[in-house]
Amino acid sequence: MTTQHPLDDPNADPFEIAQTAAAQLAEKTGVERHDIALTLGSGWGKAADLIGETTATIPAEEILGFSKPALSGHTGSLRSILLPSGKRALVIGARTHYYEGHGVRRVVHSVRAAAAAGATTMILTNGAGGIKSHWKPGTPVLITDHINLTADSPLEGATFIDLTDLYSQRLRALAKEVSPDLDEGVYVQFRGPHYETPAEVQMAKAIGGHIVGMSTSLEAIAARQSGMEILGMSLITNLAAGITGEALSHAEVIEAGRQAETVIGPLLASIVEKL
Ligand code: 8IG
């Protein structure tokens, strides 16, 4: 119980820890370099089985800096997948959320480890609430941009990183080739873990948001810092608070994710095939 997490040491260098994690990943997977990394959020897990052949599955806690998953339904493993193209994908089924309160270094560690493992493309997926009232639970949406309401950043010190075209126009166009009527929206990251009040959802809408969630933005910033090209996708598992008047329930969110699996898994697999 007294074991200190390596990223909690203020004197530790998070990039050095990511390098060590990448070396451990290479050793345990037998794959020297990964090309693409995917973080699979609620509802997106099935995609891993469809994108290629899993050649190694590593419990996340065996890799330096990773934490056990906080939530059941989040799988807690790292998988190395051989794609039909011959490229290697690293599937991160172990997301640390900001609301867990372990600090932003731990939130973005998987992204930094993936970058250190060689990945130049970062696919970030999540389950989220929808603000556009015509969205039905189970709708996949491309993230075009984000608004980070956590009041935090993975960048430390005077690190001024450009976030123009953070969610790559090129990768979004590619996703649209696979699914031309894929909807799009601006993702608003709240701190959580509570869902928004209806007034907060109206605020998110007023400032230009279409999707509300509790992940992704901080990870995207870290991925950009590491020079990766980013594709972000949300699965709308519920309409945001106050949009329909119905109360939100975690069980319904999980169920919507389960039902959407058969659609979004193949969608993501087809996108990955084009990378
Ligand atoms: I799934 O309605 C899921 N995650 N902030 N709001 C926020 N996060 C979410 C929601 C939602 N649904």
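Computed from a predicted model, the values in this text were never measured in an experiment. (Residues numbered from 1 in each chain as written. Predicted model: local features only at pLDDT ≥ 70, side-chain atom pairs only at ≥ 80, totals over all residues. Heavy atoms only, no water.)

Describing the environment of Val 212
Part 1 of the reasoning: As for its placement among the helices and strands, Val 212 is situated in strand S8 (residues 211-213).
Part 2 of the reasoning: We classify Val 212 as buried; its relative accessible area is 4%.
Part 3 of the reasoning: In this structure the C-alpha to C-alpha distance between Val 212 and Thr 164, which are 48 residues apart in sequence, comes to 20 Å.
Part 4 of the reasoning: Here Val 212 is in contact with Ala 128, Gly 129, Ile 131, Val 188, Phe 190, Glu 196, Ala 204 and Ala 240, once residues within four sequence places are set aside. (Helix = DSSP H or I, 4+ residues; strand = E, 2+ residues; numbered from the N terminus. Buried < 20%, exposed > 50% of the residue type's maximum accessible area, 1.4 Å probe, protein only. Contact = heavy atoms within 4.5 Å.)

Describing the site of the ligand
Part 1 of the reasoning: For the ligand, the full set of nearby residues is Gly 127, Ala 128, Gly 129, Tyr 195, Glu 196, Val 212, Gly 213, Met 214, Thr 237, Asn 238, Leu 248 and Val 253.
Part 2 of the reasoning: Between the ligand and Gly 129, the relevant distance is 3.4 Å, taken from a nitrogen atom to a main-chain nitrogen or oxygen of the residue.
Part 3 of the reasoning: For the ligand, a nitrogen atom lies 2.7 Å from a polar atom in the side chain of Asn 238.
Part 4 of the reasoning: Protein coverage of the free-state accessible area of the ligand, which is 320 Å², stands at 95%.
Part 5 of the reasoning: According to the grid-proximity analysis, the pocket containing the ligand is the second largest pocket.
Part 6 of the reasoning: Counting residues per element, the ones that place at least two in the shell around the ligand are strand S5 (121-130), S8 and strand S9 (229-239).
Part 7 of the reasoning: When residues of the shell around the ligand are assigned to their parent elements, the largest contribution, three residues, is made by S5.
Part 8 of the reasoning: Residue composition of the shell around the ligand, by class: six nonpolar, five polar and one charged. (Near = heavy atom within 4 Å. Polar contact = N/O pair within 3.5 Å; in protein donor to acceptor, adjacent residues only side chain to side chain. Areas by Shrake-Rupley, 256 points an atom, 1.4 Å probe, with all protein chains shown as cover. 1 Å grid on protein atoms, 1.4 Å probe; cavity = no way out; pocket = protein on both sides within 12 Å on 5 of 7 lines; lining within 4 Å. Sits in = over half its atoms within 2 Å of the grid points. Nonpolar A, V, L, I, M, F, W, Y, C, P; charged D, E, K, R; others polar.)

Some points on the layout of surface pockets
One water molecule sets the probe size; rolling that probe over the atoms shows where empty space is left.
Part 1 of the reasoning: Estimated volume of the second largest pocket: approximately 400 Å³.
Part 2 of the reasoning: In terms of lining, the second largest pocket is formed by 24 residues, of which the most central are Ser 42, Tyr 99, Gly 127, Tyr 195 and Met 214.
Part 3 of the reasoning: Elements with a contribution of two residues or more to the lining of the second largest pocket: S5, S8, S9 and helix H7 (250-274).
Part 4 of the reasoning: Per-element tally for the lining of the second largest pocket: the top contributor is S5, with four residues.
Part 5 of the reasoning: In the lining of the second largest pocket, the residues fall into 10 nonpolar, 12 polar and two charged. (Points joined across faces, edges and corners; volume = space filled by probe spheres on them.)

Let's talk about the environment of Thr 144
Part 1 of the reasoning: Following the sequence through the fold, Thr 144 ends up in strand S6 (residues 139-148).
Part 2 of the reasoning: As for Thr 144 and Gly 213, which are separated by 69 residues in sequence, their C-alpha atoms are 14 Å apart.
Part 3 of the reasoning: Not counting chain neighbours up to four residues away, the residues in contact with Thr 144 comprise Tyr 167, Arg 172, Glu 184, Gly 185 and Val 186.

Re the pairing of S5
Part 1 of the reasoning: In terms of burial, S5 is largely enclosed, as nine of its 10 residues are buried.
Part 2 of the reasoning: Note: S5 against S9, 10 bridges, orientation parallel. Along S9, the bridge assignment pairs Ile 123 with Leu 231.
Part 3 of the reasoning: When S5 meets S8, the two strands line up antiparallel, connected through two bridges. Within S8, the position partnered with Gly 130 by the bridge is Ile 211. (Pairing = 2+ DSSP bridges.)

Description of the nonpolar core
If you look at soluble globular proteins, the nonpolar side chains tend to sit buried side by side.
Part 1 of the reasoning: With 39 residues, the main nonpolar core has Leu 78, Met 122, Ile 211, Met 228 and Ile 230 as its most contacted residues.
Part 2 of the reasoning: Elements represented by at least two residues in this core include exactly helix H1 (14-29), strand S2 (53-59), strand S4 (88-92), helix H3 (104-116), S5, S6, helix H6 (217-225) and S9.
Part 3 of the reasoning: Per element, the largest residue contribution to this core is seven residues, and it comes from H3.
Part 4 of the reasoning: Membership of the second largest hydrophobic core comes to 28 residues, among which are Leu 40, Ala 48, Val 91 and Leu 267. (Core = buried A, V, L, I, M, F, W, Y, C linked by side-chain atoms within 4.5 Å.)

Observations concerning the pairing of S9
Part 1 of the reasoning: For S9, a buried count of 10 out of 11 residues is recorded, marking the element as mostly surrounded by other parts of the structure.
Part 2 of the reasoning: Pairing between S6 and S9: four bridges, direction antiparallel. Across the sheet, residue Val 141 finds its bridge partner in S9, namely Ser 234.

Things to note about a nonpolar patch on the surface
Part 1 of the reasoning: A surface patch of nonpolar side chains, about 230 Å² in accessible area, is lined by Leu 149, Met 203 and Ile 207.
Part 2 of the reasoning: Residue position: Ile 207 is located in the loop between helix H5 (198-206) and S8. (Patch = residues over 30% accessible without salt bridge, like charges linked within 9 Å, V, L, I, M, F, W, Y side chains within 5 Å. Salt bridge = Lys/Arg side-chain N within 4 Å of Asp/Glu carboxyl O.)

Remember that the coordinates give geometry; whether it matters functionally is a separate question.
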